[in-house]
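Inside the fold
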Amino acid sequence: MDKKTLEFVTFCISKLSILLKLPQKEIYGRLKASGILYEYIVPSYDVLHTFSSTYLMEDLTEYMREKGVLEA
């Protein structure tokens, strides 16, 4: 993972932590366990980093619900 992708992942985890009022470690664990981190965020960096932060958070929380790591 290159530096830009790592910074983006860190940004996503931080923003989700604030939005969902959960510790960053918990967000990381859920993203990793569900496959969202390494099967969606990292490989889709080129597209995802162009989204607004609001849209990105909506997209990620919706996907987390689909994967069952976030209550509806």
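See the structure above.
What this report covers is the structure whose coordinates are included nearby.

The rules behind each value
- Residues numbered from 1 in each chain as written.
- Predicted model: local features only at pLDDT ≥ 70, side-chain atom pairs only at ≥ 80, totals over all residues.
- Heavy atoms only, no water.
- Phe/Tyr/Trp six-rings, centres within 6.5 Å; stacked < 30°, edge-to-face > 60°.
- Helix = DSSP H or I, 4+ residues; strand = E, 2+ residues; numbered from the N terminus.
- Buried < 20%, exposed > 50% of the residue type's maximum accessible area, 1.4 Å probe, protein only.
- Salt bridge = Lys/Arg side-chain N within 4 Å of Asp/Glu carboxyl O.

Structural notes on the packing of aromatic side chains
Taken as a whole and judged by the stated rule, the model has 3 aromatic pairs. With centroids separated by 4.9 Å and ring planes inclined at 65 degrees, the aromatic side chains of Y40 and Y63 adopt a geometry described as edge-to-face. Taken together, the residues span a long stretch of sequence, with Y40 in helix α3 (residues 36-41) and Y63 in helix α5 (residues 53-66) at a distance of 23 residues. Overall, Y63 belongs to the partly exposed group, its relative accessible area being 25%. When the ring of F51 is compared with that of Y55, the centres are 4.9 Å apart and the planes differ by 90 degrees; the resulting orientation is edge-to-face. Overall, the relative accessible area of 28% leaves F51 in the partly exposed class.

Notes on the pattern of salt bridges
For the structure shown, the criterion picks out 2 salt bridges. Its salt-bridge partner being E7, residue K3 comes within 3.9 Å of it at the nearest N-O pair. With K3 and E7 both in helix α1 (residues 3-20) and 4 residues apart, the pair spans about one turn of that helix. Judged by its relative accessible area of 63%, K3 is exposed. For E7, a relative accessible area of 45% translates into the label partly exposed. One salt bridge in this structure joins R30 and E26, with 2.8 Å as the shortest N-O distance. Of this pair, R30 and E26 both sit in helix α2 (residues 24-34), 4 residues apart, roughly one helical turn.

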